[in-house]
Amino acid sequence: PTIRQLFQTDLVSFKSKRVQINGWVKSIRRQKRIAFAVISDGSSPQSLQAVFTDVTLAKSTCYRSLTNGSCVRLSGVLSDSVGPEQDREVQVDAVEYLGECDPAEYPIAKQSLTVEYLRDHAHLRARTVPVASMIRFRDQTQRTLRRFFEDEDFTYVHTPIITANDCEGAGDTFSVTSSPTPATHSQSQAPDKEKKSHFFGRPAYLTVSSQLHLEAVASSLARVYTLSPCFRAERSQTGRHLSEFWMLEAEWAFATQLRDLCDVVERSIKSVLNQQSSELPALHQDIPDVRKASLEAASRWDKSWASISYTDAVAELQKYQDAYRKFRFDPTWGGPLQSEHERWLAEQLVGGPVFVTDYPTSLKPFYMRANENGNTVACFDLLVPHLGEIVGGSLREERLPLLEEAVKLHGLDPEEYGWYLDLRKYGGAPHGGFGLGFDRLVQWISGIENIRECIPMPRYAGRMLL
Ligand code: 4AD
Ligand code: MG
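Residues numbered from 1 in each chain as written. Chains lettered and ligands numbered in written order. Predicted model: local features only at pLDDT ≥ 70, side-chain atom pairs only at ≥ 80, totals over all residues.

Q: Please explain the sheet that holds strand β1 (residues 18-30) as it appears in this structure.
A: Within a beta sheet, neighbouring strands are joined by backbone hydrogen bonds and run either parallel or antiparallel to one another. The strand order β1-β2-β3-β5-β4 describes a closed barrel built from 5 strands, whose pairing is mixed. Neighbour-to-neighbour, the strand axes of this sheet turn through a mean angle of 55°, independent of strand direction. With 6 bridges joining them, strand β2 (residues 34-40) and strand β3 (residues 48-53) adopt antiparallel strand pairing. The residue bridging A37 from the neighbouring strand is A50, located in β3. (Pairing = 2+ DSSP bridges. Helix = DSSP H or I, 4+ residues; strand = E, 2+ residues; numbered from the N terminus. Axes fitted to C-alpha atoms, helices over the stretch in contact; angles between N-to-C directions.)

Written out as structure tokens, the structure reads:
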């Protein structure tokens, strides 16, 4: 069994059963005739105590190998444990050393290593307790979200990674280069220059968002979603930006109210906040109680999250700035909300997650649906305490003339977006959707300080180790 299964089974039925455990030695304590090792097999945060007698160890060929970090296969009998930390342990009678590990050389043998040190050892950091917990928490979270969207009749769609459009129009795309043929492959022709820097002759990028492609599928399957990697060459060296991150995006036809979009966002995130996670106790160990209480409050099904228009939010920010001059940037109507503004709105004004709606047209991408007033669009950002924006979404402009206008206004090439305009030409439906930053959701709920510790192998400005 895995260690997780072993702890799920009640002790009585398991006691005295022979078990075989494959895993890694996390720590070892030797006494005169006996040694205790803590064994982890990655299946859960729980580890198993293994008890070795000197007879068992003497039988094995390389006694030395029972060291921190080594990989072992143990056979033995399960029994009650008298230790205060666990109710069961395994009395080992045979041990097989699968992989030795010299503790003198092992880079992560020490107990407390800084996050920076572990980033430098990205290939080994999954072996630490917090990173392993985060990885399992990501998995639990994506399962919960998948279940939520399945239950809501959304179809999971595989959207492309290589694209011809910059969906957000922010100009921070990574370009794709068809691999130049190495000179040593003499029989194949050297590609021409044009082809080298493009996708077979055509400019191509790594996707920044799957939205436009989801819209195409939503105009037939009606309710669709994806969880996909996204790539942005942002220079921001912040604790909430990655160059490669994961986004859950949903898009559905016949949505006409912003409130309905926000409702799906809220319920999907609440399903994650309410999931039973074996990892959260460990992840939450070091976060202040107020933060735990704030997550607890946000998870309540009977209490809806707040919503405020961008215009009202700016007015509130200005009032506060006039009175206290606490912000580095003056809030002004028409300007972007800075991260300090976003956090103040969620933490101070509302004290919880808040949807900020109807931003000025000039701040948002071309595809958002124009409001009647002509200077704002039907969109929202979800802001949460301690982090800021974790979701962005909108109704999409389904009226062809208005969309054509917006394409021009944003300086986009109408030919590039011909296929996107077609979606409106041929049986276009009112629709909308959103993108939820998966890594940021994990960051918010887990309380992990930096987004770089919310993904196993982070890529961020200037950094890609393996
Ligand atoms: O607000 P964004 O840019 O919205 C879109 O891309 C829309 N096309 C989504 C849609 O409507 N389908 O990104 C959505 C979310 C952000 O709120 C944020 O949580 C996350 O994606 N995000 C990032 N997460 C980590 N690192 C980055 N560099 C991120 N950029 C955006
Ligand atoms: Mg956004």
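Q: What's the story with the nonpolar core in this structure? I'm lost.
A: Where a protein is soluble and globular, its nonpolar side chains tend to be buried together. Ranked by size, the top nonpolar core spans 81 residues in total, and within it V265, V354, V356, L436 and L441 carry the most contacts. Ignoring sequence-local partners within four residues, the contact set of L441 consists of T141, I269, V272, I390 and L436. Judged by nonpolar contacts, the second largest core, of 18 residues, contains V25, A37, F52 and L66. (Core = buried A, V, L, I, M, F, W, Y, C linked by C-beta atoms within 7 Å. Buried ≥ 20, exposed ≤ 12 C-beta atoms within 10 Å, placed from the backbone. Contact = placed C-beta atoms within 7 Å.)

Q: I'm lost on the sheet that holds strand β12 (residues 354-357) in this one. Help?
A: If you trace the 8 strands from one edge of the open sheet to the other, you get β6-β9-β10-β15-β14-β13-β12-β11, paired in mixed fashion. Unpaired on one side and paired on the other, β6 (155-156) and β11 (306-309) mark the two borders of the sheet. Here strand β14 (residues 388-395) runs beside strand β15 (residues 431-437); their pairing, made up of 5 bridges, is antiparallel. Bridging across to β15, L395 finds its partner in G432. Strand contacts of helix α7 (residues 211-221): β6, β9 (223-231), β10 (244-253) and β15, with the helix running at about 30° to β10, the strand carrying the most contacts.

Q: Any chance you could explain the site of ligand 1 here in plain terms?
A: Taken together, 22 residues lie around ligand 1, and S209, Q211, G392, G435 and G437 are the ones closest in. When residues of the shell around ligand 1 are traced back to their parent elements, those giving at least two are β10, β14, β15 and α15 (438-446). Sort the elements by how many residues they give to the shell around ligand 1 and β14 lands first, with 5 residues. Taken together, the residues of the shell around ligand 1 sort by class into 7 nonpolar, 8 polar and 7 charged. (Near = placed C-beta within 6 Å. Nonpolar A, V, L, I, M, F, W, Y, C, P; charged D, E, K, R; others polar.)

Q: When you look at unusual backbone geometry in this model, what are you seeing that I'm missing?
A: Glycine aside, residues mostly have negative phi, and peptide bonds are mostly found in the trans state. Here the phi dihedral of S16 falls at roughly 70°; this positive angle occurs in a residue that is not glycine. Relative to the helices and strands, S16 resides in the loop between α2 (11-14) and β1. You can call S16 exposed: it has 10 C-beta atoms within 10 Å. Of note in this structure, F254 is not a glycine but carries a positive phi near 75°. One can find F254 in the loop between β10 and α8 (258-273). With 12 C-beta atoms counted inside 10 Å, the residue F254 sits in the exposed group.

Q: What is the right way to read helix α5 (residues 129-151) from this model?
A: Owing to its 3.6 residues per turn, the α-helix brings residues three or four apart onto one side. The end-to-end C-alpha separation of α5 is 33 Å, in line with the 33 Å expected for 23 residues at 1.5 Å each. Turning to α5, its buried residues number three or more, namely V131, S133, M134, R136, F137, R138, T141, L145, F148 and F149. Those residues of α5 that are buried are in contact with β9, β10, α8, α9 (280-283) and α15. Count one or two residues on from α5 and you reach D153, which has phi positive near 70°. (Expected span 1.5 Å × (residues − 1).)

Q: Honestly, the packing of α5 against α8 in this entry has me stumped. Any pointers?
A: Two numbers describe a pair of packed helices, the interaxial angle and the distance between the axes. Direction vectors running N to C along α5 and α8 enclose 140°, while the axes themselves pass 9 Å from each other. On the basis of the axis angle, α5 is oblique to α8. α8 is crossed by α5, and the crossing has right-handed handedness. Along its contact with α5, which presents T141, T144, L145 and F148, the element α8 presents S268, S271 and V272. (Parallel < 35°, antiparallel > 145°, perpendicular 65-115°, else oblique. Left-handed = near helix turned anticlockwise from the far one by under 90°.)

Q: Help me out: how do you make sense of α7 in this one?
A: The set of residues buried in α7 consists of Q211, L212, H213, L214, E215, A218 and S219. Looking at the buried residues of α7, the elements they touch are β9, β10, α14 (418-425) and β15. After α7 finishes, the residue A222 shows a positive phi value of roughly 70°.

Q: What is the right way to read the packing of helix α13 (residues 400-409) against α14 from this model?
A: Two numbers describe how α13 lies on α14: the axes approach to 10 Å, and their chain directions differ by 165°. The orientation of α13 relative to α14 falls into the category roughly antiparallel. Considering how the two elements wind past one another, α13 and α14 form a crossing that is right-handed. For the pair α13 and α14, contact is made by L400, L403 and E404 and by L421, R424 and K425, respectively.

Q: Please explain the environment of V377 as it appears in this structure.
A: Residue placement: V377 occurs in the loop between β12 and β13 (379-384). Placed 12 residues apart in sequence, V377 and P365 show a C-alpha to C-alpha distance of 9.7 Å. When neighbours within four sequence positions are excluded, V377 is seen to be in contact with D358, Y359, T361, K364, M368, R369, A370, N371 and S394.

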